[in-house]
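Commentary on secondary and tertiary structure
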Amino acid sequence: MSGSAATATTLFGLAMAATLAIGVLSARGRDKGMAEWSVSSRGLGVLFIWLLMAGETYTSFSFLGTAGWSYSFGVPILYLVAYLTTGFAVAYVVGPALWTYASRHRLLSIADMAEHRFRSRPVGILVAVTATVFLVPYVQVQIQGMGVVVNAMTYGSVDLHVAAVVSFVVAEAFILVSGLRGSAWVSVLKDVLVILAVVFLAVWVPLHYLDGYGDFMTRMVQEKPEWLTFPGHESGGLNGTWFVSTLLLNAVTISIFPTTVAGYLSAKSPNALRRNALLLPWYQLLLFIPMMVGAVALFALPTLDNPDLALFRLVTDSLPAPVVAVIGVAGALSAIVPMSVFMLAIGTLCGRTLLGGGNGSDPRSRAHRNRAAGARDDAPGSAQDVRIKRLSQLVCFLAGLVALLGALFFPNTLVQLSVLSYEGLAQLVPLALLSLFWRRLTAAAGVAGTLVGLGVVLLLWWTDNDPWHGINGGLLGLTANLLVAAALTYARPLTSTSARPPGPHQQPGQNPSDRGETV
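Residues numbered from 1 in each chain as written. Predicted model: local features only at pLDDT ≥ 70, side-chain atom pairs only at ≥ 80, totals over all residues. Heavy atoms only, no water.

**A closer look at the overall build of the protein**
The helix and strand inventory of the protein stands at 25 helices and zero strands. A buried classification covers 57% of the 519 residues belonging to the protein. The contacts in the protein between residues at least 6 apart in sequence include a share of 84% that link residues at least 24 apart. With an accessible surface of roughly 19600 Å², the protein has 67% of that area assigned to carbon and sulfur atoms. (Helix = DSSP H or I, 4+ residues; strand = E, 2+ residues; numbered from the N terminus. Buried < 20%, exposed > 50% of the residue type's maximum accessible area, 1.4 Å probe, protein only. Contact = heavy atoms within 4.5 Å. Areas by Shrake-Rupley, 256 points an atom, 1.4 Å probe, with all protein chains shown as cover.)

**Some thoughts on unusual backbone geometry**
Here the amide bond leading from F230 into P231 is cis, since omega sits at 5°, within 30 degrees of zero. Within the element layout of this structure, P231 appears in the loop between α11 (213-223) and α12 (240-253). Look at the link from D466 to P467: it is a cis peptide, with omega at 5°. As for its placement among the helices and strands, P467 is situated in the loop between α23 (443-462) and α24 (473-491). Its identity as a non-glycine residue notwithstanding, R119 has a phi of 50°, on the positive side. Here R119 shows up in the loop between α7 (110-118) and α8 (121-153).

**Re the environment of V150**
Structurally, V150 is set in helix α8. Note on V150: relative accessible area 0%, which makes it buried. Sequence separation between V150 and A325 is 175 residues; the distance between their C-alpha atoms is 8.9 Å.

**Overview of the side chain of E36**
Note on placement: E36 falls in helix α2 (residues 34-39). On the basis of relative accessible area, E36 is assigned to the buried category, the value being 4%. A distance of 2.8 Å separates a polar atom in the side chain of E36 from a polar atom in the side chain of R181. (Polar contact = N/O pair within 3.5 Å; in protein donor to acceptor, adjacent residues only side chain to side chain.)

**Side note on the side chain of T253**
Relative to the elements of secondary structure, T253 occurs in helix α12. Excluding its chain neighbours within four sequence positions, the residues that come into contact with T253 are Y422, L425 and A426.

**Examining the pattern of salt bridges**
Between side chains of opposite charge, a pair can form when the charged atoms approach closely. Applying the stated criterion across every chain yields a total of five salt bridges. Between R352 and D112 there is a salt bridge, with the nearest N and O atoms lying 2.5 Å from each other. Of the two residues, R352 sits in helix α17 (residues 321-354) while D112 sits in helix α7, which places them 240 residues apart along the sequence. Take D112: its relative accessible area is 0%, and that puts it in the buried class. (Salt bridge = Lys/Arg side-chain N within 4 Å of Asp/Glu carboxyl O.)

**Observations concerning the nonpolar core**
In a soluble, globular protein the nonpolar side chains are often hidden away together inside. The biggest cluster of nonpolar side chains holds 158 residues, and the ones touching the most others in it are F63, I110, M113, Y264 and I336. Ranked by residues supplied to this core, first place goes to α17 with 19 residues. Not counting residues within four places of it along the chain, the set of residues in contact with I336 comprises M16, M146, S167, V170, A171 and F174. (Core = buried A, V, L, I, M, F, W, Y, C linked by side-chain atoms within 4.5 Å.)

**Describing the confidence of the model for the protein**
With 88% of its residues at a pLDDT of 70 or more, the protein shows a mean pLDDT of 86. Below a pLDDT of 50 lies the segment residues 496-516, which in the model reaches 31 contacts outside its immediate sequence neighbourhood of four places, other chains included. (pLDDT = per-residue confidence, 0-100.)

**Focus on the packing of helix α5 (residues 65-72) against helix α15 (residues 288-300)**
Packing of α5 against α15 leaves a shortest axis separation of 7 Å and a crossing angle of 45°. As the angle between them shows, α5 and α15 are arranged oblique. The way α5 lies across α15 gives a crossing that is right-handed. Contacts between α5 and α15 involve T66, A67, S70 and Y71 from the first element and P290, M291, G294, A295, A297 and L298 from the second. Grouping the amino acids of the contact of α5 with α15 by side-chain chemistry returns seven nonpolar, three polar and no charged. (Axes fitted to C-alpha atoms, helices over the stretch in contact; angles between N-to-C directions. Parallel < 35°, antiparallel > 145°, perpendicular 65-115°, else oblique. Left-handed = near helix turned anticlockwise from the far one by under 90°. Nonpolar A, V, L, I, M, F, W, Y, C, P; charged D, E, K, R; others polar.)

**Overview of helix α22 (residues 429-437)**
Of all nine residues in α22, seven are buried, a share of seventy percent or more. Within α22 the residues assigned to the buried category are V429, P430, L431, A432, L433, S435 and L436.

**Digging into the packing of helix α1 (residues 3-25) against helix α9 (residues 160-178)**
Two elements in contact, α1 and α9, have axes separated by 8 Å at closest approach and are oriented at 15°. Judged on the interaxial angle alone, α9 and α1 are roughly parallel. Judged by the twist between their axes, the crossing of α1 over α9 is right-handed. Across from F12, M16, T19, L20, G23 and V24 in α1, the residues of α9 making contact are V166, V170, A173, F174, V177 and S178. Considering only residue class, the contact of α1 with α9 consists of nine nonpolar, three polar and no charged.

**Some remarks on a nonpolar patch on the surface**
A contiguous nonpolar surface patch, about 420 Å² in accessible area, is contributed by L78, W282, L285 and F288. In this structure L78 comes out as partly exposed when scored by relative accessible area, which is 31%. (Patch = residues over 30% accessible without salt bridge, like charges linked within 9 Å, V, L, I, M, F, W, Y side chains within 5 Å.)

**Comments concerning the packing of aromatic side chains**
Summed over the entire model, instances satisfying the criterion amount to 21 aromatic pairs. Ring geometry for F48 and W185: centres 4.9 Å apart, planes at 55°, overall tilted. Of the two residues, F48 is situated in helix α3 (residues 46-57) and W185 in helix α10 (residues 180-209); the sequence distance between them amounts to 137 residues. The partly exposed category is assigned to F48, whose relative accessible area is 21%. Ring plane angle 80° and centroid distance 5.8 Å describe the contact between Y58 and F63, whose orientation is recorded as edge-to-face. For the pair Y58 and F63, a shared accessibility class is recorded, and that class is buried. Between the NZ or CZ atom of R117 and the centre of the ring of F118, over which it lies, the distance is 4.5 Å. (Phe/Tyr/Trp six-rings, centres within 6.5 Å; stacked < 30°, edge-to-face > 60°. Lys NZ or Arg CZ within 6 Å of the ring centre and 35° of its normal.)

Structure representation (structure tokens):
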């Protein structure tokens, strides 16, 4: 092992030890119940919410895929900043509404909210299973991204598979012990390093490889004009129509993304979420730097075989090992933080809704009858609460293990499905979000719409017709979803019961005939 590789590997090892210590120790002296583990007892302030949710948007893709897309296609990569920034505008309204609804009824996930809204555990199970199917590929993408980053930053000394196992062990260790609070504390270290790394690269790369930004922009306009206009360079049809349709779909979908909702529900108050929605768009300015680095690589590394390595090839070729290690650790933590939150979200969805008996909102359940009688069997610290938490932790571990095995033995299988993640999760928007405002929507109509939407998305993907004439397949699926849900809902006669609004203090079980409650 060379001196540079030894230095980078040592610093990486120390960083992983520090990450593990920060994540595990963050839970000291805290309540050990399910609410603390999954949503930090709804006690995080503006700063921690900002760091946690920023950590979910600046992932390993930001270091690898963003620079790679910029190198390969050019301007289509701007969709990333566009949809995230627009999504935070949606979150300004949606986040406080979901927090209020979930806090009022002690709910912990989008599956909880769907089950409570329709008083139907099968609806909650459908939401939990669908969300899990489309989240597991995201975990694998982060594990594989971590492997690529660590392999590059250690000059090939740490094998891709070894790095994948390390990322799994570190993330699982602190998320199982500390839950969402552990991810929030690790985000502090991650974001400090990310900001330092990308600001340094913004200055270093154009000055080292070119004659500054003026020379960079001049050469882009004169030598690479195809990268600056839609549909970009050999992008396969990622034109303006695709850009707008993807922006609209992802901006709405991110508002009900299970990991985003976990961030919402961990806040102290709705006002903390509103402030967060105003601050987060500024963080997305950092995404322009990997885009710029990928474009500089067009001139510095014109024959690069793997565009995803554009940023790290420039870094390892031009900087000393300690600096390479710091930038690499920032990239590695950008995989570990979102990976941990993804696994926690899956654990909460399935551990509580699928295995733990749900939240007791279904009138047919024993828990529902207990609540109607004034008793609760899931209070913090109760035997039921402990059982649900353990089941959730088990699911969290198993989901991460499935993703790890996929990364080690089937690296292309789940990753191919990751392109469908946003499109698939978008089909839950009517059940998990619109239903809270659209009182007349029935469970049957919502489920039928969701299944039709998923069918459209999978059909377009399977037949290689996504995008269809430039339109994002997920948006077409969501349109079909809404049309079916609306048709079935309005085909049902409006009864006096469904027209009557719920009482302001009405609790689950007080009126079994009430099949819906608005925010």
